[in-house]
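Structure at a glance
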Amino acid sequence: MKTYDVMVIGSGFAGMAASLFAAKRGLSVVQAGGTGGIDFSTGFIDLLAVHPVAEQRVWEDPFAALVALRRDLPLHPYAHVADDEIAAALEEFTGFLEENGLCYTGRPGRNTLALTSAGTVKPTYLLPCSAWGGVEALEAKAPTLLVDFHGLKGISARQIAEVRADWPGLRTARVRFPGMGGELYPEHMAWSMADQARRIELAEAVRPLLGDARFVGFPAIFGMTDTMAVVRHMEELLGRRVFEIPTLPPSIAGPRLRAAFDRGLPALGVRTYTQKLVSAAEVSGEMFHFTAGSGSTAVRIAARGAVLASGRFFGKGLKADRHAVREAVFDLPVRQPEKREDWHRAEFFDPRGHEINQSGLETDAALRPLGADGRPFHPRLHAAGAILAHQDWMRMKCGAGLAIATACKAVRELSQNL
């Protein structure tokens, strides 16, 4: 059995990022995990937009927000990662995505308000280049045509226009997607748009509706592997700026990200076992031994170190019964409310969020999970992403950024001890 330097447990944002950072640093890497949250991503990379959550204060400068957050919440995982480390991690992560066909953009040191499929705007730090035209159109309140399709759920141009009453130049149209009928799915449409003939047909359907529009927005369906090439071709065909709006999850943004990692990680030498959850873990002396999957297809894996990036409840990194929350792989102690009745507040939409949302693993400054004795469980076991305690990534708008930054930190600390 081959012994790897690093076992990455999890295949969401944090798991993918940890595998990338470890492989880029010359470590041998094996990764296992089920479908992670990355598949349900909007494609936006949030860094930090809301703090304090109870006050719903929205920040334009995420790094200024980080200063306030570290002051107010010294146990938050971001307290263990410096700003320059975060910036470097994001640059390396998005650089990898660009090498694999996914372009990202944003404004240095500033959050951007991005248009969502509900017509609301979301503060985020980096977003797919294919969505940037929507930012410019929204900011300028430019004459814009939003197009959606008969049979496609998860986005309504008319609803967006109704919500954006502050955008008088916004018009909508619904057209038939060429070559398909009935209920439509973004992934099928995206693969279809790889065919230039299909783009020409779509442009011919939309061109008579353009009017004075300077921008044309579409649901995110413009290809799986080279989205900007499709966007540029549509711009050429229509003579207008074109942009995408992510549909409701699961949108095409998540499969695009996963496809980029599926292409890029093996090329870096990462051995991946997709759709195999880690079902057993043993620590013997200096080594970790894992079983990934079950039954006749289970595989045994040996590694000198590990990054636990298995996510929370959705990723199955945490499990809950009627009495307590447990960590699924090593049965590590989980920081959680003392009593079950304290998990949730009385009001579901309480602006402070719920105590259970900040449950997770306590770590030291090197992001090593603490055992029952309050000391690191193992010198070469680190944790990253949503499984960490003292953060509410959804309400703080910090999910992907937190995953990427802590994955980079965990790998850097681990590599120093191998």
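Note: the structure precedes this text.
Quick notes on the rules
Residues numbered from 1 in each chain as written. Predicted model: local features only at pLDDT ≥ 70, side-chain atom pairs only at ≥ 80, totals over all residues. Heavy atoms only, no water. Pairing = 2+ DSSP bridges. Helix = DSSP H or I, 4+ residues; strand = E, 2+ residues; numbered from the N terminus. Salt bridge = Lys/Arg side-chain N within 4 Å of Asp/Glu carboxyl O. Buried < 20%, exposed > 50% of the residue type's maximum accessible area, 1.4 Å probe, protein only. Contact = heavy atoms within 4.5 Å. Polar contact = N/O pair within 3.5 Å; in protein donor to acceptor, adjacent residues only side chain to side chain.

1. With respect to the pairing of strand S12 (residues 278-284)
Sheet topology note: the S12/strand S13 (residues 287-292) ladder contains 6 bridges and is antiparallel. Bridge pairing links Glu282 to His289 in S13. Between the antiparallel neighbours S12 and S13 lie 2 residues, among them Gly285 with a positive phi of about 60 degrees.

2. Description of the pattern of salt bridges
What the rule picks out here adds up to 28 salt bridges. Across the pair Glu244 and Arg256 runs a salt bridge, and its minimum N-O distance is 2.9 Å. Placement of Glu244 in strand S10 (residues 241-245) and of Arg256 in helix H9 (residues 253-267) is noted, with a sequence separation of 12 residues between them. Residues Glu244 and Arg256 agree in their burial class; the two are buried. Residue Arg395 pairs with Asp392 through a salt bridge whose shortest N-O separation is 3.2 Å. When salt bridges that share partners are traced, they join Glu85, Lys409, Arg412 and Glu413 into one network.

3. Some details on the environment of Phe243
With respect to the helices and strands, the residue Phe243 is situated in strand S10. Along the primary structure Phe243 and Pro128 are separated by 115 residues, whereas in three dimensions their C-alpha atoms are 9.9 Å apart. For Phe243, the contacting residues outside a window of four places in its chain are Ser130, Ala131, Gly133, Gly134, Ala137, Thr144, Leu146, Phe215, Val216, Gly217 and Phe218.

4. Structural notes on the side chain of Lys122
Position of Lys122 among the secondary structure elements: in strand S5 (residues 121-124). At a separation of 2.9 Å, a polar atom in the side chain of Lys122 contacts the side chain of Asp46. In this structure, Lys122 is in contact with Thr42, Phe44, Asp46, Thr112, Leu113, Ala114, Thr116 and Lys397, ignoring residues within four places of it in sequence.

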